[in-house]
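Reading the structure
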Amino acid sequence: MAEYPTDPNCIFCKIASGDIPAAVIGETEHVVAFMDAFPSSRGHTLVIPKAHYPNLLEMPKEELQSFMAPVQDVTRAIQTAIQPDGIVLNQFNGKAAGQTVFHYHQHIVPRWQGQDRRSHGKDQADPEELKAVATAIRAELDWER
Ligand code: AMP
Ligand code: ZN
């Protein structure tokens, strides 16, 4: 049994436990980073805490401390691996804000000059392409798996 809260019906808890597949970049004791399956851009990554909390407002402060440094690690690895012109970090709290998966997560969205951003959560990416970009990002991340 995990020693942190989980929700058996939550898709991100199932990705964290390995019960459903995802293009995983890596994990620490506290977080998992994987490719968004319906990305806004190439390299669109999600970082989730392994612990299930619905959104930022409900995250205990001590959990946030072990969350944001790994988010920075992944953002830097994306920058080195695929060299976007910029990177947007966004995060939605509540249905009215556009949240669709109620397990706290940070989006990391690479952007290229002059390239329109697609909406997130709409068009499914090719799983093989997601695996390839995950492998490229992982190569720039010094986490142990
Ligand atoms: P939101 O709750 O609006 O912040 O976004 C949830 C994100 O999770 C969307 O961008 C979806 O594309 C993404 N997503 C949903 N299911 C999966 C999945 N099984 N694997 C990877 N990404 C997912
Ligand atoms: Zn969950």
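Up top is the structure.
Residues numbered from 1 in each chain as written. Chains lettered and ligands numbered in written order. Predicted model: local features only at pLDDT ≥ 70, side-chain atom pairs only at ≥ 80, totals over all residues. Heavy atoms only, no water.

Now for the site of ligand 1. Around ligand 1 there are 18 residues in total, and Asp36, Gly98, Thr100, His105 and His107 lie nearest to it. Between ligand 1 and glycine 98, the relevant distance is 2.7 Å, taken from an oxygen atom to a main-chain nitrogen or oxygen of the residue. Within the side chain of histidine 105, one N or O atom sits 2.5 Å away from an oxygen atom of ligand 1. Within the complex, 90% of the 510 Å² of free accessible area of ligand 1 lies under protein. Counting only elements with at least two residues in the shell around ligand 1, the list comes to helix 1 (11–17) and strand 2 (31–35). Tallied by class, the residues present in the shell around ligand 1 amount to ten nonpolar, seven polar and one charged. (Near = heavy atom within 4 Å. Polar contact = N/O pair within 3.5 Å; in protein donor to acceptor, adjacent residues only side chain to side chain. Areas by Shrake-Rupley, 256 points an atom, 1.4 Å probe, with all protein chains shown as cover. Helix = DSSP H or I, 4+ residues; strand = E, 2+ residues; numbered from the N terminus. Nonpolar A, V, L, I, M, F, W, Y, C, P; charged D, E, K, R; others polar.)

The next thing to look at is the layout of surface pockets. Its volume calculated, the largest pocket comes out at about 510 Å³. In terms of lining residues, the largest pocket is bounded by 27 residues, among which Ile15, Met35, Asp36, Ala37 and Phe38 are the most central. Counting only elements with at least two residues in the lining of the largest pocket, the list comes to helix 1, strand 2 and helix 3 (127–138). Taken together, the residues of the lining of the largest pocket break down into 17 nonpolar, eight polar and two charged. In this model, the second largest pocket occupies a volume close to 170 Å³. Every residue along the wall of the second largest pocket is listed here: Ala2, Tyr4, Thr6, Asp7, Pro8, Cys13, Lys14, Ala16, Ser17, Asp19 and Lys50. (1 Å grid on protein atoms, 1.4 Å probe; cavity = no way out; pocket = protein on both sides within 12 Å on 5 of 7 lines; lining within 4 Å. Points joined across faces, edges and corners; volume = space filled by probe spheres on them.)

A few words now on the coordination of the zinc ion (ligand 2). For the zinc ion (ligand 2), the full set of protein donor atoms is Cys10 (SG), Cys13 (SG), His52 (ND1) and His103 (ND1), at a range of 2.0 to 2.3 Å. Around the zinc ion (ligand 2) sit four donor atoms; with metal-centred angles ranging over 107 to 116 degrees, the donor geometry is tetrahedral. (Donors = N, O, S within 2.8 Å, 3.2 Å for Na, K, Ca; no water. Tetrahedral: all angles 85-135°; square planar, octahedral: opposite > 155°, others 65-115°.)

The subject of this paragraph is the packing of helix 2 (residues 61–82) against helix 3. Relative orientation of the contacting elements helix 2 and helix 3 amounts to 105 degrees, with a least axis distance of 8 Å. The orientation of helix 2 relative to helix 3 falls into the category roughly perpendicular. Touching Ala77, Ile78, Ala81 and Ile82 of helix 2 are Val133, Ala136 and Ile137, all from helix 3. Residues of the contact of helix 2 with helix 3, tallied by class, amount to seven nonpolar, no polar and no charged. (Axes fitted to C-alpha atoms, helices over the stretch in contact; angles between N-to-C directions. Parallel < 35°, antiparallel > 145°, perpendicular 65-115°, else oblique. Contact = heavy atoms within 4.5 Å.)

The next subject is the side chain of serine 41. Mapping serine 41 onto the fold places it in the loop between strand 2 and strand 3 (45–49). In terms of polar contacts, serine 41 uses its side chain to reach the backbone carbonyl oxygen of proline 110, at 2.6 Å. Here serine 41 is in contact with Val109, Pro110, Trp112 and Arg118, once residues within four sequence places are set aside.

Everything listed here is a matter of coordinates, which is why it stays silent on function.
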